[in-house]
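One letter stands for each residue in the lines below.
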Amino acid sequence: MVEWEGLAVLAAGMGAYWLPECAERFLRRRREDTLVRAFYRRMRPTAERLFFAYARVGIMAFYAGLVWWVVQQPRSLPDKFAMVIFLSILFTVVLTDLMAWLIPNSLTLGGSLFFAIHSWFERPDSFGWLSLAALGIYGVGYLVWRKTKGIGMGDVKLLAMAVWLLGLDLFFALWLSSWSAFLTVVGRSLACGQWTGRSPLPYAPHLAAGMITALLFDGAASHWLNGWCAGFSWFADWPEIQVLSSL
């Protein structure tokens, strides 16, 4: 590891010390909302004990470890920078969702703009498909939110933001997060002795876990698509499929 990369990992670990405070700052302007204030008042003591006292060192170590993995990848410097920004947003939205069941628009919409610009310069051939994917995710997510309330719009905006960086791997991340949330509900139900499937569940931690796993297994969905298309040589030669498999 060259010197600047070691310094980057050290700076990332030290900067992660302030992630709980950053999350609290993003929530501060939303506390006037009655529902948010009730959740925040109920969750704050636990959040302070868990994140401000016991888990701060764990957050620093985990974040620094992920940044170390990023700088080891054979990617361009802009790609590595975008991945670090992506991890920072994920860590922050996990904290805000656990503290107050909120994902701030300033993080998801600002992140979407940043990653769209990054994609425009770094992956111009995929920009059109990624734009359609982001709009499709937002549209489908909005319909699911309106009809079932099974997912929050903050989660939908987080998914629409992540597709700019993850591409097809976002579906792998979504599959993992669905299983993670399901197993959490099952475990909570077994612990409580009754089914708790209708109880509110912060989904951002599960999404973040799936997205980080998708980053670590870079290209998992794309490799699957290439393998599937290999059995249909006429289908694999389509330019649209070649573009999708490169996302």
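Conventions used here
- Residues numbered from 1 in each chain as written.
- Predicted model: local features only at pLDDT ≥ 70, side-chain atom pairs only at ≥ 80, totals over all residues.
- Heavy atoms only, no water.
- Helix = DSSP H or I, 4+ residues; strand = E, 2+ residues; numbered from the N terminus.
- Buried < 20%, exposed > 50% of the residue type's maximum accessible area, 1.4 Å probe, protein only.
- Contact = heavy atoms within 4.5 Å.
- Areas by Shrake-Rupley, 256 points an atom, 1.4 Å probe, with all protein chains shown as cover.
- Core = buried A, V, L, I, M, F, W, Y, C linked by side-chain atoms within 4.5 Å.
- Patch = residues over 30% accessible without salt bridge, like charges linked within 9 Å, V, L, I, M, F, W, Y side chains within 5 Å.
- Salt bridge = Lys/Arg side-chain N within 4 Å of Asp/Glu carboxyl O.
- pLDDT = per-residue confidence, 0-100.

Q: When you look at the overall build of the protein chain in this model, what are you seeing that I'm missing?
A: Each helix and strand in the protein chain was counted, giving 13 helices and zero strands. Taken over 247 residues, the protein chain has a buried fraction of 42%. Of the contacts formed within the protein chain by residues at least 6 apart in sequence, a portion of 71% connects residues at least 24 apart. Put simply, the protein chain shows about 13700 Å² of open surface, and 68% of that area lies on carbon and sulfur atoms.

Q: Honestly, the nonpolar core in this entry has me stumped. Any pointers?
A: Buried together is how nonpolar side chains tend to be arranged in soluble globular proteins. Within the largest apolar cluster, 57 residues are counted, with the highest numbers of intra-cluster contacts made by Y63, F86, F115, L166, L170 and M211. Those residues within four positions of L166 in sequence are excluded, and the remaining contacts are F86, A173, M211 and L215.

Q: How do you make sense of a nonpolar patch on the surface when you look at a structure like this?
A: On the surface, a nonpolar cluster with roughly 490 Å² of combined accessible area is contributed by L113, I117, W120 and F121. With respect to the helices, strands and loops of the structure, I117 is situated in helix α6 (residues 105-122).

Q: I keep staring at the confidence of the model for the protein chain and nothing clicks. Help me out?
A: When pLDDT drops low, the exact placement of atoms in the prediction is not to be read closely. With 72% of its residues at a pLDDT of 70 or more, the protein chain has an overall mean of 78. Counting interchain partners and residues more than four positions distant, the pLDDT-below-50 stretch residues 232-236 has six contacts. Below pLDDT 50 for its whole length, residues 240-245 participates in 15 contacts with residues either more than four positions away or in separate chains.

Q: Help me understand the environment of A12 in this model?
A: Position of A12 among the secondary structure elements: in helix α1 (residues 3-15). For the pair A12 and G65, spaced 53 residues apart in the sequence, the C-alpha separation amounts to 9.1 Å. The residues contacting A12, other than those within four sequence positions of it, are Y63 and V67.

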